[in-house]
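# Architecture and fold: a report
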Amino acid sequence: MSRRIRERGVVIGSLPPGPGNRITDVPGVTVGHCTVREGDACTGVTVILPCPENPFAHKLCAASFVWNGFGKTAGLVQIDELGRLESPIALTNTLNVGLVQDALVEYMLRRCQAEGVKITSFNPVVGECNDSGLNHIARRAVGLDQVLAAIDSAGTDFALGDVGAGAGTQCHGLKGGIGSASRVLEIEGQKYTLGILVQSNYGKLEDLRLDGAAIGRDIARRLAAPDAPDQGSIMMIVATDLPVNERQLGRIIRRASVGLARLGSYVGHGSGEVMIGFTTACRFDHEGAPAVCSQPVLREELLDGAFRAVAECCEEAVLDSMVCAAPARLPEGEILHSLDEFI
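The present account deals with the structure reproduced in this document. Residue indices begin from 1 for each chain and proceed along its sequence in written order. For a predicted model such as this one, the threshold for reporting local features is a pLDDT of at least 70, and the threshold for listing and counting side-chain atom pairs is 80 or more; totals across whole chains, interfaces and linings nevertheless cover every residue. Neither water nor hydrogens contribute to the side-chain values; these are computed over all heavy atoms in the structure.

### Quick word on unusual backbone geometry
If a residue is not glycine, its phi is most likely negative; likewise, a peptide bond is most likely trans. Of note in the backbone geometry, Arg140 takes a positive phi value of approximately 50° without being a glycine. Take Arg140: it is sitting in the loop between strand S6 (125-129) and helix H3 (144-152). Between buried and exposed lies partly exposed: a residue is buried under 20% and exposed over 50% of the maximum accessible area for its type, with that area taken using a 1.4 Å probe on protein chains only. Arg140 sits in the partly exposed class, given a relative accessible area of 40%. Backbone geometry places Glu188, a non-glycine residue, at a positive phi of 50°. Note on conventions: DSSP H or I runs of at least 4 residues are helices, E runs of at least 2 residues are strands, and numbering of each starts at the N terminus. Mapped onto the elements of the fold, Glu188 is located in the loop between strand S9 (178-187) and strand S10 (190-201). Residue class for Glu188 comes out exposed when judged on its relative accessible area of 59%.

In structure tokens, the structure reads:
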């Protein structure tokens, strides 16, 4: 893996990162990938496991926000209605959403059967980006085997860049991929962690900004790159251990949009910007037992640190998704460059 953006002296924001500067700095969260590079397939799946326990039996407080809806997700309707997450969150390509959704159902059926948990309804959560520029997307190369492999590989130290669901993505006219970042914040003497994972596949090259500097224009001139629309998608998965309810969590995850704006995105018509967030601080029994929360829900005026944290994390995670990705060759023969080549 190429050096991350922070290792190159580019420090985004003012809050300190967690020890791994990944979403998995939130205790209990793990991430796994399965990358598919076979023939003309260049795609994969990335799975975020929100807790070590069975999430169906121990649901987490959750929220989602769709900034621009040019996307094909699964599971957000129930999250918005009930404010609960009962599934791993899987990211893949556009035409594989249904197969990955079915794979999550199979995974949870097997797990619940093994643990003696009755299951007659389940809300799998799947997000996507369209990677058809690099991937023969009609092959639908991600299914049960790949999802189970990603889950089996899940851990706290996972790869970034052109892996898993980011294998075939593009971002700001360069190679995109999987990025992650975290921040540690202190509220009333207590330390908390907030982390994000992104699947980046959006934006115009000319608009790209690096910590405020308009580097995209210079790169576009060097490459003599033609003008292109802002289209694609970005999935943003936020995890935290902050004791917040689903409404407050919704307020927090919406601030990921600040990070995208700082990167130069204006959220084009053909782009899907989707945010999903959960907190590990409260668990809900699937049979309706009272919630188990680590401490009382935070007061509204104490959320500013979380707003800053998620904006900083999103900005840094997207940059990491690009700088950690290797260049790729498009089917037409053109090179899709990496941000790593220009900084």
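### Considering helix H2 (residues 97-115)
The terminal C-alpha atoms of H2, which comprises 19 residues, lie 27 Å apart, in line with the 27 Å expected from a rise of 1.5 Å per residue. Taken together, the buried positions of H2 are Val97, Val100, Ala103, Leu104, Tyr107, Met108, Arg111 and Cys112. Each buried residue of H2 sits inside an arc of 160° when the element is viewed along its axis, so together they form one side. In this structure, H2 carries Asp102 and Gln113 as exposed residues pointing more than 90 degrees from its buried face. By this rule, a helix spans an expected 1.5 Å times one less than how many residues it contains. Within this analysis, the arc is defined by the directions that extend from the helix axis to the C-beta atoms.

### Some details on the environment of Asp152
Looking at the element boundaries, Asp152 is found in helix H3. C-alpha of Asp152 to C-alpha of Thr193: the two residues are 41 residues apart in sequence and 25 Å apart in space.

### Some details on the environment of Ala41
Its place among the elements puts Ala41 in strand S2 (residues 41-49). Taking the relative accessible area as the measure of exposure, Ala41 reaches 3% and is therefore buried. Between the alpha carbons of Ala41 and Ala256 there is a distance of 31 Å; along the sequence they are 215 residues apart. It only takes one pair of heavy atoms within 4.5 Å for two residues to be counted as in contact. Setting aside residues no more than four positions away along its own chain, Ala41 makes contact with Val36, Asn135, Arg139 and Ala141.

### Some thoughts on helix H6 (residues 256-263)
Where H6 is concerned, the buried positions are Ala256, Ser257, Gly259, Leu260 and Leu263. Viewed along the axis of H6, the buried residues span an arc of 155°, placing them on a single side of the element. Looking at the residues trailing H6, positive phi occurs at Gly264, about 110°.

### Some words on the layout of surface pockets
Taken as a whole, the largest pocket holds about 790 Å³ of empty space. Gln170, Gly173, Gly203, Ala228 and Gln231 are, among the 36 residues lining the largest pocket, the residues nearest its centre. Contributions of two or more residues to the lining of the largest pocket are made by strand S7 (170-171), strand S11 (231-240) and strand S15 (335-336). The biggest single contributor to the lining of the largest pocket is S11, with 3 residues. Counted by class, the lining of the largest pocket contains 13 nonpolar, 16 polar and 7 charged residues. Points on a 1 Å grid, built from protein atoms alone, make a cavity when a 1.4 Å probe fits but cannot get out and make a pocket when they are open with protein on both sides within 12 Å along at least 5 of 7 lines; residues with an atom within 4 Å of a point are the lining residues. Grid points are joined across faces, edges and corners, and a volume is the space filled by probe spheres set on the points. For this classification, the nonpolar set comprises Ala, Val, Leu, Ile, Met, Phe, Trp, Tyr, Cys and Pro, the charged set comprises Asp, Glu, Lys and Arg, and every other residue, Gly included, is treated as polar.

### Thoughts on the packing of aromatic side chains
Here the aromatic set is Phe, Tyr and Trp, taking the six-membered ring for Trp, and pairing holds for ring centres within 6.5 Å; pairs whose planes are under 30 degrees apart are stacked, those over 60 apart are edge-to-face, and all others are tilted. Under the definition given, this model contains 1 aromatic pair. Aromatic side chains Phe56 and Phe122 sit 6.3 Å apart centroid to centroid with 70° between the ring planes, which places their arrangement in the edge-to-face category. One end of the pair, Phe56, is in the loop between S2 and strand S3 (58-69); the other, Phe122, is in the loop between H2 and S6, and 66 residues separate them in sequence. Think of it as a cone above the ring: NZ of Lys or CZ of Arg counts as a charge over the ring if it is within 6 Å of the ring centre and within 35 degrees of the ring normal. We note Lys59 situated over the ring of Phe56; from NZ or CZ to the ring centre the distance is 4.0 Å. The lysine or arginine in question, Arg255, covers the ring of Phe307, its NZ or CZ lying 3.8 Å from the ring centre.

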